[in-house]
Amino acid sequence: MPIQEKVLIDALEPFKGFVLSSIIFSMHRHGLDEDFRRGTTLADLVASRGGLDRARVAALVDYLVAAQVVARDSGGRLTLTALGERYGEARPWYEMMIGGYGITFLGLGDHLGEGSPPVPRVGRFVGSGSCGISMHDSIPLVRKLLAGGGRDYRLLVDLGCGSGVYLTELCRDYPEMRAVGIEPDAAAVDAAREWVAAQPTADRVRVEQAGALEWLASATDRPDLAVLAFVIHEVLGQEGEDGVRRLLTQLFEAAPDLDLVIVDIDLQSSDEAAMKHPLAQNYYAAYYLMHPFTEQRLETREWWEALFADCGLEIAASSLTDPAMDSTGMEVGWLLRRRAA
Ligand SMILES: C[S@@+](CC[C@H](N)C(=O)[O-])C[C@H]1O[C@@H](n2cnc3c(N)ncnc32)[C@H](O)[C@@H]1O
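Residues numbered from 1 in each chain as written. Predicted model: local features only at pLDDT ≥ 70, side-chain atom pairs only at ≥ 80, totals over all residues. Heavy atoms only, no water.

The name given to the protein in an unreviewed UniProt entry is Methyltransferase domain-containing protein, with the source organism recorded as Actinomadura fibrosa.

Written out as structure tokens, the structure is:
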């Protein structure tokens with residue numbers, strides 16, 4: 001018996017989300033939302049951009065109109081709808097989760113086997129999307145932790161700096177501070193250098209291509225502030241617990257008075273009550289999912305705090321994200337110092 005239309009419509013609901021989120025990312029990536037915000041026509045869009053395939057852009061526009069992201073009036077004028085504006089509020093989330101991890105979600109079914117290699121991701125968009133999200137959640141959290149710590153700083157090292165926003169944001173807060181960004185992904189390094197060069201603090205910031213442990217092995221700088229934002233779980237996935245212990249130990253051996261800020265996500269994926277939170281449903285469920293497939297290992301808050309203590313560190317302060325922005329309690333920040341002898 002053929003499937004009933006109503007059943008088919010319901011069953012295809014997730015498919016609609018898959019394509020819609022991909023197209024939202026593509027629209028943002030090419031800045032087409034800006035064209036629609038100003039108002040344009042298909043002919044003007046193709047002419048002003050140059051080099052675009054008219055039939056493909058027309059198909060994209062028809063899709064966006066059908067999805068009510070763009071409105072088209074009787075004269076063919078295209079404008080961004082209120083829904084399109086609303087999707088734009090989550091722009092960096094689309095950048096990281098679709099631009100960075102879209103290929104990962106598609107590929108993970110082929111990588112379930114024991115010993116499977118990691119599933120690819122697009123490092124540039126992971127770094128830039130994550131930094132865009134951080135402007136909303138983690139950077140305010142870092143600022144809060146540092147303000148409570150009451151110190152001034154001269155040299156920041158941001159390990160896994162992505163597209164570099166912590167470097168420039170924190171340099172604005174501490175006018176005497178210089179900053180070094182460490183980032184292994186070549187495309188993210190390019191993005192970070194491009195971002196830094198366009199900021200007023202450019203002369204105080206440099207970006208180097210290296211992994212955190214690799215950089216530490218040859219570093220001559222002695223930072224008084226270090227940031228590991230959503231990076232310690234990368235090192236845990238790549239180098240195991242020993243690698244994380246080496247990283248923490250070497251950081252404080254090189255700079256015993258260091259203030260180290262770590263921000264990471266508390267592994268709550270198997271807590272069914274926590275996962276019912278609407279932000280967990282719409283975001284964290286997918287966030288938790290892709291980590292084991294991409295050589296990353298998330299751990300619980302308790303697990304990290306036991307490891308910090310075991311590495312001779314004390315928690316000078318800790319906090320969660322502002323609940324007005326994210327009330328899941330899943331994102332944790334710590335200000336760590338070496339425990340007094
Ligand atoms: C989720 S992004 C975080 C970017 C930024 N710190 C933020 O908070 O938005 C993780 C970054 O860590 C980088 N990374 C991966 N492995 C690393 C390692 N071993 N050492 C330093 N950075 C690493 C990735 O390339 C990526 O840019």
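Still more to cover.
## Observations concerning the overall build of the protein
Within the protein, the regular secondary structure consists of 16 helices and 10 strands. Computed over C-alpha atoms, the radius of gyration of the protein comes to 22 Å, within 12% of the 20 Å expected from 2.2 N^0.38 for 341 residues, which places it in the range of a compact globule. Across its three principal directions, the C-alpha atoms of the protein cover 75 × 50 × 35 Å. For the protein, contacts bridging at least 24 residues in sequence account for 69% of all contacts bridging at least 6. (Helix = DSSP H or I, 4+ residues; strand = E, 2+ residues; numbered from the N terminus. Rg over C-alpha atoms; globule rule 2.2 N^0.38 Å. Contact = heavy atoms within 4.5 Å.)

## Looking at the environment of D257
Note on placement: D257 falls in the loop between helix 14 (232-254) and strand 8 (259-265). Expressed as a C-alpha distance, the spacing of D257 and R338, which sit 81 residues apart in the sequence, is 7.2 Å. Those residues within four positions of D257 in sequence are excluded, and the remaining contacts are R151 and D224.

## A short note on the sheet that holds strand 10 (residues 331-338)
The pairing of strands in a sheet comes from backbone hydrogen bonds and takes either a parallel or an antiparallel form. Overall, mixed pairing links the 7 strands, which are arranged 6-5-4-7-8-10-9 in an open sheet. Two strands lie at the open edges of the sheet, namely strand 6 (205-209) and strand 9 (313-320), each paired on one side alone. Each strand axis lies, on average, 20° off the axis of its neighbour in the sheet, ignoring direction. Sheet topology note: the strand 5 (residues 178-183)/strand 6 ladder contains 5 bridges and is parallel. (Pairing = 2+ DSSP bridges. Axes fitted to C-alpha atoms, helices over the stretch in contact; angles between N-to-C directions.)

## A look at the site of the ligand
Around the ligand, 18 residues are found, and the nearest of them are S130, G160, Y166, E183 and Q238. Interatomic distance of 2.8 Å between a backbone N/O atom of A212 and a nitrogen atom of the ligand. Within the complex, 94% of the 600 Å² of free accessible area of the ligand lies under protein. Breaking the shell around the ligand down by element, the ones donating at least two residues are helix 9 (123-134) and helix 14. Considering each element in turn, the shell around the ligand owes the most residues, 4 residues, to helix 9. (Near = heavy atom within 4 Å. Polar contact = N/O pair within 3.5 Å; in protein donor to acceptor, adjacent residues only side chain to side chain. Areas by Shrake-Rupley, 256 points an atom, 1.4 Å probe, with all protein chains shown as cover.)

## Thoughts on the environment of R121
Examined against the element boundaries, R121 turns out to sit in the loop between helix 8 (102-107) and helix 9. Among the residues examined, R121 registers a relative accessible area of 28% and is labelled partly exposed. Setting aside anything within four residues of it in sequence, one finds R121 in contact with G100, Y101, I103, T104, V126, E234, T294 and Q296. Of note is the side chain of R121, whose polar atom sits 2.8 Å from the side chain of Y101. Within polar-contact distance, the side chain of R121 engages the side chain of E234 at 2.7 Å. (Buried < 20%, exposed > 50% of the residue type's maximum accessible area, 1.4 Å probe, protein only.)

## Regarding the domain arrangement of the protein
Structurally, the protein comprises domain 1 (5-88) and domain 2 (105-338). Centre-to-centre separation of domain 1 and domain 2, based on C-alpha positions: 34 Å. (Domains from an automatic or database assignment.)

## Focus on helix 16 (residues 301-310)
For an α-helix, 3.6 residues make a turn, and residues three or four places apart therefore share a direction. Where helix 16 is concerned, the buried positions are W304, L307 and F308. Looking straight down helix 16, one finds its buried side chains confined to an arc of 100°; they lie on one side. Of the exposed residues in helix 16, those oriented more than 90 degrees away from the buried face are E302 and D310. On its buried side, helix 16 packs onto helix 14, strand 8, strand 9 and strand 10. Directly after helix 16, the chain includes G312, whose backbone phi takes a positive value near 80°. (Arc of directions from axis to C-beta.)

## Digging into the UniProt feature "domain: Methyltransferase" (unreviewed entry) in the protein
The UniProt record annotates "domain: Methyltransferase" (unreviewed entry) at residues 157-236. Within the segment residues 157-236, helix and strand shares are 41% and 24% respectively, and the terminal C-alpha atoms sit 19 Å apart. (UniProt positions renumbered as here; feature names shortened; annotations may be inferred.)

## Some remarks on the packing of aromatic side chains
What characterises a pair of aromatic rings is the spacing of the ring centres plus the angle enclosed by the ring planes. This structure, assessed with the given rule, holds 10 aromatic pairs. Relative to Y174, the ring of Y153 lies with its centre 5.2 Å away and its plane at 75°, an arrangement referred to as edge-to-face. In this pair, Y153 sits in the loop between helix 10 (138-149) and strand 4 (155-159) while Y174 sits in the loop between helix 11 (165-173) and strand 5, placing the two residues 21 residues apart along the sequence. For the pair formed by Y153 and Y174, the shared burial category is buried. Seen in terms of ring centroids, Y287 and Y288 are 6.4 Å apart; in terms of plane orientation they differ by 75°. Their pairing is edge-to-face. By the burial criterion, Y287 is buried, and Y288 matches it. (Phe/Tyr/Trp six-rings, centres within 6.5 Å; stacked < 30°, edge-to-face > 60°.)

## Brief notes about the sheet that holds strand 3 (residues 77-80)
Judged by pairing direction, the sheet is antiparallel, and its 3 strands sit side by side in the order 1-3-2 without closing on themselves. Of all the strands in the sheet, the pair left with one neighbour each is strand 1 (40-41) and strand 2 (70-72). Pairing analysis gives 2 bridges linking strand 1 to strand 3, with the strands arranged antiparallel. Looking at strand 3, one finds that T40 is bridged to L78. Across the sheet, helix 5 (residues 54-66) touches strand 2 and strand 3, and the angle it forms with strand 2 is around 100°.

## Overview of the side chain of E299
Relative to the assigned elements, E299 resides in the loop between helix 15 (278-290) and helix 16. Residue class for E299 comes out buried when judged on its relative accessible area of 14%. In this structure the side chain of E299 is engaged in a polar contact, spanning 3.1 Å, whose partner is the side chain of R297.

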